[in-house]
Every structure is written in C-alpha cells, then in structure tokens.
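Here's the letter readout for the chains.
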Amino acid sequence: GAVVSQHPSRVICKSGTSVKIECRSLDFQATTMFWYRQFPKQSLMLMATSNEGSKATYEQGVEKDKFLINHASLTLSTLTVTSAHPEDSSFYICSASRFSGENTGELFFGEGSRLTVL
Amino acid sequence: LAKTTQPISMDSYEGQEVNITCSHNNIATNDYITWYQQFPSQGPRFIIQGYKTKVTNEVASLFIPADRKSSTLSLPRVSLSDTAVYYCLVGDLAGNNRKLIWGLGTSLAVNP
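Every value quoted in this text rests on a predicted model; they were computed, and no experiment measured them.

Each helix and strand counted, chain B has zero helices and nine strands in total. Taking 2.2 N^0.38 as the reference for a compact globule, 112 residues should give roughly 13 Å; the C-alpha atoms of chain B span a radius of gyration of 14 Å, in line with that estimate. Judged by the C-alpha coordinates and their principal axes, chain B covers about 40 × 30 × 25 Å. Considering chain B as a whole, with its 112 residues, one finds that 45% of them fall into the buried category. Contacts in chain B between residues at least 24 apart in sequence constitute 56% of all its contacts with a sequence separation of at least 6. Approximately 5500 Å² of chain B is accessible, and the part contributed by carbon and sulfur atoms is 51%. Within chain B, the 8 negative side-chain charges are centred at a point lying 9 Å from the centre of the 9 positive side-chain charges.

Here is the structure:
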C-alpha cells in the first residue's frame, strides 16, 4: 500500500528555536497533504491543509506565521514550528490523500513526529 | 460535516469478536464511512471503508444499515496486538479539500 513517511520521529529542542518536520509520500503523488496535532489522550486536530504549489489553508486558531507549511512538490510537504515554546510540545502527524476513483479514496498517515520543547 | 459518536472504551479478551458501533445521524449522501486504528505514538492506520451494506477485508468487516446513520466495525478473533484506539470518520472523499472530524475514538483493550 501507499506509504507516507515523516521525519524526524522525535525531536527535542530548546525554547525559541525552530523545528522542521518533513512529510513525504513515497509511492504516489499527493496534491494535498494535511497536518494534524495530537495532545496526549486526545484526538487528532487538523491544523492546516497543504496544497502543492499554493498557500496552505489554516484552520481557525492556528497561527500561520508560527506553523509554516511548504508544499513544494507532489511528494513533499514540510511543517516548520517557528520559535517553539513548551506549549508547542505535541505529536504532529501528516497525511496524504490518494483517490481510488470517483468519490472514493484513502488517507495515508505518516508515523508522526513527537516534538518536545524544553 | 458529519459528527460521529462512539463508545469511549471497550474491553475484550483474546480470541473474541469485537464489534464497535459508531453513530452518524447526519451523514450526507456523498459521505463515506472510514475506520482507522491508532497505536500510541503512531499515525492512524486505515482499516476499512464503506458506503452501504457490508464490506469485508482481510482484517475486519464493516456493517452499514440501510439508513446509514450508524456503522459497526467488526474485528474477528482479536489478539493483544489489536489493543489500540479505533476512530470512525464520515466524510465526502471527493475533491482536495476533504476534512474529516476526528472524535476521541474507542480505546479497545484486549486482555489475555
């Protein structure tokens, strides 16, 4: 099946630094990728929709200047957490959609990236 | 966007069949029903997807009644490794701006 790879799986950084997380679709072209954040024992919260070649669409309450998203190619989207603070510590997950046909498809998820800001 | 309701948690034993029901009363005509499994510190993994009636694959079955206001994920003969959170999602899969609302899911604990 299709594979979405996320890197790094874990990152620890100091407060005030920026962290980049990569999301790659390994065997299919993804025109759209989604970025989620998940806090412990909570569900996935959609942060933004990343569209190849255009600006990302952010969900309400998500600061676009803090969470920079770049989708430069059909197989790569990046999320940069700028000037990270301890409250940004979370599990970040990306997903890519592949359509199987009319009105059907599947979301493939990356392995997730655990960010810890000290 | 259709909201889903499913039990917060379930307990089972190895070898038993587990059925997790999800309610989605305001499902739209174009919406599909998809179930995902998530282990701790991992991304969700696709289990099964359906529109109506019954769908079966190598790991699960999905039962959808005619009114489509609910669905039941059936896991045959669960093992300890099936302990995970199971999410039911309902949405229109066409187009590039698909958004799925993630509930809290059902935390399934399989005991020896």
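After presenting the structure, the write-up continues.
All names here are of chain B. A sheet is described by the order of its strands in space; here four strands give the open sequence β2-β7-β6-β5, paired in antiparallel fashion. Where the open sheet ends on each side, the last strands, each with one partner, are β2 (18-23) and β5 (53-56). Looking at each pair of strands side by side, their axes are set apart by 15° on average, direction ignored.

Residue and element names in this part refer to chain A. A full pass over the atoms with the stated rule returns two salt bridges over all chains. Glu22 serves as the salt-bridge partner of Arg24, at 3.5 Å between the closest nitrogen and oxygen. Across the pair Asp88 and Lys66 runs a salt bridge whose closest N-O atoms are separated by 2.9 Å. Separated by 22 residues along the polypeptide, Asp88 in the loop between β8 (76-81) and β9 (90-101) and Lys66 in the loop between β6 (57-58) and β7 (67-73) bring together distant segments of the chain.

Sheets are built from strands paired through backbone hydrogen bonds, the pairs being either parallel or antiparallel. Residues and elements named next belong to chain A. Read across the sheet, four strands follow the order β1-β3-β8-β7 without closing on themselves; strand pairing throughout is antiparallel. With partners counted over all chains shown, the strands left at the sheet margins are β1 (4-7) and β7, one partner each. Averaged over all neighbouring strand pairs, the angle between strand axes comes to 15°, with direction disregarded.

Residues and elements named next belong to chain B. Of the two faces of β2, the one lined by Val18, Ile20 and Cys22 is fully buried and the one lined by Asn19, Thr21 and Ser23 carries no buried residue. Of the pairings in the sheet, the one linking β2 to strand β7 (residues 70-75) comprises six bridges and is antiparallel in character. If you follow Val18 over to β7, its bridge partner there is Leu75.

Throughout the structure, instances matching the rule amount to two disulfides over all chains. The disulfide partner of Cys23 of chain A is Cys94 of chain A, and the S-S distance across this bridge is 2.0 Å. Torsion about the S-S bond of the Cys23 of chain A and Cys94 of chain A cystine: about 80°, corresponding to right-handed handedness. A residue pair is termed long-range when its members are at least 10 positions apart, and Cys23 of chain A in strand β3 (residues 19-25) and Cys94 of chain A in strand β9 qualify at 71 residues. Like Cys23 of chain A, the residue Cys94 of chain A is buried in the burial classification. The partner cysteine of Cys22 of chain B in its disulfide is Cys88 of chain B, sulfur to sulfur 2.2 Å. Here the S-S torsion is close to -80°, and the disulfide linking Cys22 of chain B with Cys88 of chain B is therefore left-handed. Taken together, the residues Cys22 of chain B in strand β2 and Cys88 of chain B in strand β8 (residues 84-92) connect sequence positions 66 residues apart. For Cys22 of chain B, a relative accessible area of 0% translates into the label buried. Cys94 of chain A provides the cysteine sulfur closest to Cys13 of chain A, a residue in no disulfide bond, and the two sulfurs are 18 Å apart.

Further remarks concern the pairing of strand β5 (residues 45-51) of chain A. Residues and elements named next belong to chain A. Summarising burial for β5: six of the seven residues are buried, a large majority. Judged from the six bridges that link them, strand β4 (residues 32-38) and β5 form a sheet pairing that is antiparallel. Looking at β5, one finds that Trp35 is bridged to Ala48. What sits between β4 and β5 in their antiparallel hairpin is a turn of six residues, with Lys41 showing a positive phi close to 60°. Where β5 and β6 come together, two bridges link them in antiparallel fashion. Following the sheet pairing, Thr49 is matched in β6 by Thr57. Hairpin connection from β5 to β6: five residues lie between these consecutive antiparallel strands, with Gly53 at a positive phi of about 80°.

What counts, and at which threshold
- Residues numbered from 1 in each chain as written.
- Chains lettered and ligands numbered in written order.
- Predicted model: local features only at pLDDT ≥ 70, side-chain atom pairs only at ≥ 80, totals over all residues.
- Heavy atoms only, no water.
- Helix = DSSP H or I, 4+ residues; strand = E, 2+ residues; numbered from the N terminus.
- Rg over C-alpha atoms; globule rule 2.2 N^0.38 Å.
- Buried < 20%, exposed > 50% of the residue type's maximum accessible area, 1.4 Å probe, protein only.
- Contact = heavy atoms within 4.5 Å.
- Areas by Shrake-Rupley, 256 points an atom, 1.4 Å probe, with all protein chains shown as cover.
- Lys, Arg positive; Asp, Glu negative; His and termini not counted.
- Charge placed at Lys NZ, Arg CZ, Asp CG, Glu CD.
- Pairing = 2+ DSSP bridges.
- Axes fitted to C-alpha atoms, helices over the stretch in contact; angles between N-to-C directions.
- Salt bridge = Lys/Arg side-chain N within 4 Å of Asp/Glu carboxyl O.
- Disulfide = S-S within 2.5 Å.

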